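Single-letter residue listing:
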Amino acid sequence: MRRAVCPGSFDPVTNGHVDIIGRASRLFDEVVVATGTNPSKSRMFSPEERLEMLREACADLPNVRVQGFTGLLTTFCQENDIHAVVKGLRAVSDFDYELQMAQMNASLAPEVETVFVPTSPEFSFLASSLVKEVARFGGDVSGLVPPHVLAALRAKRAEGA
Ligand code: PNS
């Protein structure tokens, strides 16, 4: 069984994430979408909210399951018999950070390989942080996130989050 993980904060999941997850699901037998927490990023949605939005976004992909994780990604991989980490690369600006993480993860768990997938051009500018910023100011992000995520962003705005 070739099993991969798509890790991320997914705060919230965007159409760019769904594109990468869908493509990973065609490369591997099983894909685990794992929501972790990047302490250097500010969050809008709770871990439970992020998981729920991801589950709905991936509902049409039968070989994809969604799970939260805490601690090191490499430990999660070892505990779940996962040997590949799939990350989307948008632009050269992503590369330095992603390469550093891939090499750190390889030093922690040499059996876990990182696979970079180039983002589809229509999503190359898309980032959860930008989506949140635009949505907070009432901008239109309807083409950038799944409909249920759009509704959740609007609800957060109404709450004043
Ligand atoms: O959405 P992000 O910021 O790309 O997600 C990053 C995330 C959560 C996948 C990353 O921070 C992570 O793997 N965190 C788990 C802790 C860990 O393993 N840190 C060492 C990374 S080299």
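About the thresholds
Residues numbered from 1 in each chain as written. Predicted model: local features only at pLDDT ≥ 70, side-chain atom pairs only at ≥ 80, totals over all residues. Heavy atoms only, no water. Axes fitted to C-alpha atoms, helices over the stretch in contact; angles between N-to-C directions. Helix = DSSP H or I, 4+ residues; strand = E, 2+ residues; numbered from the N terminus. Parallel < 35°, antiparallel > 145°, perpendicular 65-115°, else oblique. Contact = heavy atoms within 4.5 Å. Phe/Tyr/Trp six-rings, centres within 6.5 Å; stacked < 30°, edge-to-face > 60°. Buried < 20%, exposed > 50% of the residue type's maximum accessible area, 1.4 Å probe, protein only. Pairing = 2+ DSSP bridges. Right-handed = clockwise from strand over helix to strand, strands pointing away.

Undergrad: Looking at this model, I keep getting lost on the packing of helix α2 (residues 47-57) against helix α6 (residues 147-159). Mind explaining?
TA: The axes of two packed helices give the description: the angle between them and the distance between them. α6 packs onto α2 with a crossing angle of 155° between their chain directions and a minimal axis gap of 10 Å. When the interaxial angle is binned, α2 and α6 end up roughly antiparallel. Contact residues: α2 offers Glu 49, Met 53, Glu 56 and Ala 57, while α6 offers His 148, Val 149, Ala 152 and Lys 156.

Undergrad: Would you explain the packing of aromatic side chains in this entry?
TA: The relation between two aromatic rings is expressed through the spacing of the ring centres and the mutual angle of the planes. This structure, assessed with the given rule, holds two aromatic pairs. Seen from their ring centres, Phe 69 and Phe 76 are 5.4 Å apart, and the 40° between their planes marks the pair as tilted.

Undergrad: In this structure, what is going on with the pairing of strand β2 (residues 30-35)? I would like to understand it.
TA: One face of the sheet, then the other: side chains in a regular strand alternate in exactly this way. Counting buried positions along β2 yields six of six residues, so the element is predominantly enclosed. Burial along β2 is two-sided: the face carrying Glu 30, Val 32 and Ala 34 and the face carrying Val 31, Val 33 and Thr 35 are both buried. In this structure, strand β1 (residues 3-8) lies alongside β2, joined through six bridges in parallel fashion. Within β2, the residue paired with Gly 8 across the bridge is Thr 35. Viewed along the sheet, the connection from β1 through helix α1 (residues 15-27) into β2 turns out right-handed. Two elements, β2 and strand β3 (residues 64-68), share five bridges in a ladder whose sense is parallel. Directly across from Ala 34, in β3, lies its bridge partner Gln 67. In this fold, the crossover linking β2 to β3 by way of α2 has right-handed handedness.

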